Amino acid sequence: MSLHVIVGAGPVGSATAKLLAGRGEQVRLLTRRGGGPELPGIDRVAADATDPDALARHAEGAVALYSCGGPAYHRWPTEWPPLGAALIRAAEATGTVLVTTGNLYGYGQVDAPMTEQLPMRPNSVKGEVRAKLWADALAAHQAGRIRTAEVRGSDYLGADANTPFTVMVLPKVLAGRRASVPADLDAPHSWTHVGDVARTLVAVAADESAWGRPWHVPTAPPLSLRALAARAAELAGAPAAKVTAMPGFALRIAGAFNPAAREMVEVQYQLRRPFVLDSSAATAALGIDPTPTDEALRETIDALPAKATR
């Protein structure tokens, strides 16, 4: 039995903890309040992960340190840098491999499916934050100070996933109501299952040949938001999905009152254009096949609280 330390108990952190505990591994799950899944094999610890010394103490003797948490969306620029620095310092102090849950923001707007070979060319503040986090970790790896890798996925499906689709569209579709979302409803879009993120994190952590580079989570073929909503309604036995495109100015108006809406404005390209992830490299190298979209959708639907669909 090996010790695995996970920072963050959101959708990915919880899925990773459950996966490892189910394999009989010892899991130490760090959050500010000591939350997370209450299961045998998972030790939930209240800790400040931005404190590198405290983080190093908790990671001592671990085979892997998984970065699966993060600050609120509107606080990325101020709160991600100290957390990223603490993770690097803890990995350096303990010799534990650091595997980070990343995303696709750092690539910026592109005109073709995204691969791991694309350069980091962010076109948003949040993209710059994510690109800098990876650049710092990679520099420490290349200098021989730490061992690290990053695992990147697209918008999530699965238990407790928090995306424009799961928040703005799915609950209303399941309730038979019209949903409005700031997006091109017919643009192809990749949807990554949180369980596949967990499987990729664990596989990369265990494979020395996978370190020192980013990996895209094995992800099912892209599906437009309109098609995803229609399929969700079919699976749930709900009325046919009614989804309309919200104009950009409406999002900007909402942003004057809602921090989450305000932060979506600069990354609108992700929903207004094709946004497709190429995960063939990880599928071939790690032997992970993506979860079918129907299965991921069923899990997403089943995890929604009943009040959300009224």
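Keep in mind it's a predicted model, so treat the numbers as computed, not measured.

Student: I would appreciate a short explanation of the overall build of the protein chain in the present structure.
Tutor: A count of helical and extended segments in the protein chain gives 12 helices and 11 strands. Rg of the C-alpha trace for the protein chain: 19 Å, near the compact-globule value of 19 Å for 310 residues, within the 12% margin. Counting only C-alpha atoms, the protein chain reaches 55 × 40 × 40 Å along its principal axes. The buried share of the protein chain, taken over its 310 residues, is 51%. Put simply, of all contacts in the protein chain between residues at least 6 apart along the chain, 73% involve residues at least 24 apart.

Student: Just to check I follow, could you spell out helix H7 (residues 225-236) for this structure?
Tutor: Turn by turn, an α-helix covers 3.6 residues, leaving residues three or four places apart pointing in a common direction. Taking 1.5 Å of rise per residue, 12 residues should cover 16 Å, and H7 covers 16 Å from first to last C-alpha, within 8% of that figure. Leu225, Leu228, Ala229, Ala232 and Ala233 are the residues of H7 that are buried. Each buried residue of H7 sits inside an arc of 135° when the element is viewed along its axis, so together they form one side. The first or second residue beyond H7 is glycine 237, which carries a positive phi of 70°.

Student: Can you help me understand the packing of aromatic side chains in this one?
Tutor: Working definition: an aromatic ring pair is given by the centre-to-centre distance plus the angle between the planes. Summed over all chains, the structure comprises four aromatic pairs. For the ring pair tyrosine 73 and tyrosine 105, a centre distance of 6.5 Å and an interplane angle of 85° mean the geometry is edge-to-face. Within this pair, whereas tyrosine 73 is found in the loop between strand E4 (64-67) and helix H3 (76-94), its partner tyrosine 105 is found in the loop between strand E5 (97-102) and helix H4 (125-142), the two being separated by 32 residues in sequence. Ring geometry for phenylalanine 165 against tryptophan 191: centres 5.6 Å apart, planes inclined by 55°, an arrangement best described as tilted. With phenylalanine 165 in helix H5 (residues 164-174) and tryptophan 191 in strand E9 (residues 191-193), the pair connects residues that are 26 residues apart, well separated along the chain. Exposure class is identical for phenylalanine 165 and tryptophan 191. Each is buried. The lysine or arginine in question, arginine 130, covers the ring of tryptophan 80, its NZ or CZ lying 4.8 Å from the ring centre.

Student: Can you walk me through helix H12 (residues 293-303) in this structure?
Tutor: What H12 keeps buried is the set Thr293, Ala296, Leu297, Thr300 and Ile301. Buried residues in H12, looked at end-on, bunch into an arc of 135°, giving them a common side. At its buried positions, H12 is contacted by strand E7 (155-157), H5, E9 and H7.

Student: Looking at this model, I keep getting lost on the nonpolar core. Mind explaining?
Tutor: Soluble globular proteins tend to bury their nonpolar side chains together. Ranked by size, the top nonpolar core spans 36 residues in total, and within it Val5, Val7, Leu30, Leu55, Leu65 and Leu87 carry the most contacts. Counting residues per element, the ones that place at least two in this core are strand E1 (3-7), helix H2 (52-59), H3 and H4. With eight residues, the single largest contributor to this core is H3. For leucine 65, the contacting residues outside a window of four places in its chain are Val5, Val7, Leu55, Leu87, Ala90, Thr96, Val97, Leu98 and Val99. If you look at the next biggest cluster of nonpolar residues, it comprises 30 residues, including Leu20, Ala149, Trp215 and Leu286.

Student: Hey, could you run me through the sheet that holds strand E3 (residues 42-46) in this one?
Tutor: What links the strands of a sheet is backbone hydrogen bonding, and the strands pair in either a parallel or an antiparallel sense. Taken together, the seven strands give an open sheet; going across it, the order is E3-E2-E1-E4-E5-E6-E10, and neighbouring strands pair in parallel fashion. The open sheet has two edge strands with one neighbour each: E3 and strand E10 (214-216). The average undirected angle you get between the axes of adjacent strands in this sheet is 20°. This element, H4, spans E5, strand E6 (148-152) and E10 of the sheet and lies at about 150° to E6. Each of E4, E5, E6 and E10 touches helix H6 (residues 194-206); the most contacted strand, E5, lies at about 155° to it.

Student: Help me understand the environment of histidine 141 in this model?
Tutor: Position of histidine 141 among the secondary structure elements: in helix H4. For histidine 141, a relative accessible area of 21% translates into the label partly exposed. With 44 residues separating them in the primary sequence, histidine 141 and valine 97 have C-alpha atoms 9.9 Å apart. Not counting residues up to four positions away in its chain, the partners in contact with histidine 141 are Ile146, Arg147, Thr148, Trp211 and Gly212.

Student: So what exactly am I meant to see when it comes to the packing of H3 against H4 here?
Tutor: Two packed helices can be described by the angle between their axes and the distance between those axes. For the pair H3 and H4, interaxial distance at closest approach is 10 Å and the crossing angle is 10°. When the axes of H3 and H4 are compared, the pair comes out roughly parallel. Crossing geometry of H3 relative to H4 is assigned as right-handed. Between H3, through Trp76, Pro77, Trp80, Gly84 and Ile88, and H4, the contact on the second element is made entirely by Val125, Lys126, Val129, Arg130, Leu133, Asp136, Ala137 and Ala140. Residues belonging to the contact of H3 with H4 are distributed by class as follows: nine nonpolar, one polar and three charged.

Calculation rules
- Residues numbered from 1 in each chain as written.
- Predicted model: local features only at pLDDT ≥ 70, side-chain atom pairs only at ≥ 80, totals over all residues.
- Heavy atoms only, no water.
- Helix = DSSP H or I, 4+ residues; strand = E, 2+ residues; numbered from the N terminus.
- Rg over C-alpha atoms; globule rule 2.2 N^0.38 Å.
- Buried < 20%, exposed > 50% of the residue type's maximum accessible area, 1.4 Å probe, protein only.
- Contact = heavy atoms within 4.5 Å.
- Expected span 1.5 Å × (residues − 1).
- Arc of directions from axis to C-beta.
- Phe/Tyr/Trp six-rings, centres within 6.5 Å; stacked < 30°, edge-to-face > 60°.
- Lys NZ or Arg CZ within 6 Å of the ring centre and 35° of its normal.
- Core = buried A, V, L, I, M, F, W, Y, C linked by side-chain atoms within 4.5 Å.
- Pairing = 2+ DSSP bridges.
- Axes fitted to C-alpha atoms, helices over the stretch in contact; angles between N-to-C directions.
- Parallel < 35°, antiparallel > 145°, perpendicular 65-115°, else oblique.
- Left-handed = near helix turned anticlockwise from the far one by under 90°.
- Nonpolar A, V, L, I, M, F, W, Y, C, P; charged D, E, K, R; others polar.

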